[in-house]
Amino acid sequence: MNQCIAHRGPDSEGIWANENCVLGHRRLSIIDTSEAGNQPFFSADKKLSMVYNDEIYNYIELKQELSSEFTFTTASDTEVIIAAYKKWGIKCIEKFFGMFAFALWDEDLQALFVVRDRLGVKPLYYSQQNSQLIFSSELRAVMSTGLVRKKIGQKSIVDYLRYQTVHAPNTIIEDVKMLMPGHYMKITSSGIATTC
């Protein structure tokens, strides 16, 4: 999957895995160009792991607000997301202004949160295959796994021929969906819950 999106992030590549979750990332260094900003990114106690696409515009203000409780070691907005999550839980996303999609693994909760910004500027594709959830910022990466049937959705074809686009949450592939703008998924061993 990482190789499929190598064009999106030529600066570094990272993969992290445990028995329940695998996170991969290709990085285009913009805000913090040092190696300290590479992803997957981890909290200091290693209980939170995340991958992230794009930018939180108000991260400097949030960093200042959080600096009395957290010590920051990078200039990245990714570290601010981790600190915000530690303080406010998943409700932290209500404080973020920007265009972003991210996935955050919480070791204590044994839960993965997959989040998309309010306007849906950054895409997030996913497919649930039995007990597995595959997700990426590009459809081709999801398809590269070989776990998803290469079957065109009938409704998607009608949408495409009628409107020259496929309306979310559907995609052109029957078994691949797009997370709607302003929504997040919480994935645990009990199942998947989607919230807006």
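Rules behind the numbers
- Residues numbered from 1 in each chain as written.
- Predicted model: local features only at pLDDT ≥ 70, side-chain atom pairs only at ≥ 80, totals over all residues.
- Heavy atoms only, no water.
- Helix = DSSP H or I, 4+ residues; strand = E, 2+ residues; numbered from the N terminus.
- Pairing = 2+ DSSP bridges.
- Contact = heavy atoms within 4.5 Å.
- Axes fitted to C-alpha atoms, helices over the stretch in contact; angles between N-to-C directions.
- Core = buried A, V, L, I, M, F, W, Y, C linked by side-chain atoms within 4.5 Å.
- Buried < 20%, exposed > 50% of the residue type's maximum accessible area, 1.4 Å probe, protein only.

Quick question: what am I supposed to make of unusual backbone geometry here?
Trans is the common state for peptide bonds, and a negative phi is the common state for residues other than glycine. With an omega of 15 degrees, the peptide bond running from alanine 168 to proline 169 counts as cis. You can see proline 169 is positioned in the loop between helix 4 (154–163) and strand 9 (177–178). The phi dihedral of glutamine 164 is positive, around 60 degrees, even though this residue is not glycine. Mapped onto the secondary structure, glutamine 164 falls in the loop between helix 4 and strand 9.

Quick question: what am I supposed to make of the sheet that holds strand 10 (residues 184–188) here?
Whether parallel or antiparallel, the strands of a sheet pair through hydrogen bonds between backbone atoms. In space, the six strands of this open sheet follow the order 3-4-5-6-10-11, with antiparallel pairing throughout. The open sheet has two edge strands, strand 3 (41–42) and strand 11 (191–195), and neither has a second partner. As paired elements, strand 5 (residues 98–106) and strand 6 (residues 111–116) share six bridges and run antiparallel to each other. Across the sheet, residue alanine 103 finds its bridge partner in strand 6, namely valine 114. Strand contacts of helix 2 (residues 77–88): strand 3, strand 4 (48–56), strand 5 and strand 6, with the helix running at about 125 degrees to strand 4, the strand carrying the most contacts.

How do you make sense of the nonpolar core when you look at a structure like this?
Here is a general trend for soluble globular proteins: nonpolar side chains tend to be buried in one another's company. Core analysis: the biggest nonpolar cluster contains 26 residues, and Met50, Ile56, Ile93, Phe96, Phe102 and Val115 have the highest contact counts within it. The set of elements that each furnish at least two residues to this core consists of strand 4, helix 1 (59–66), helix 2, strand 5 and strand 6. Counting residues per element, this core draws most heavily on helix 2, at six residues.

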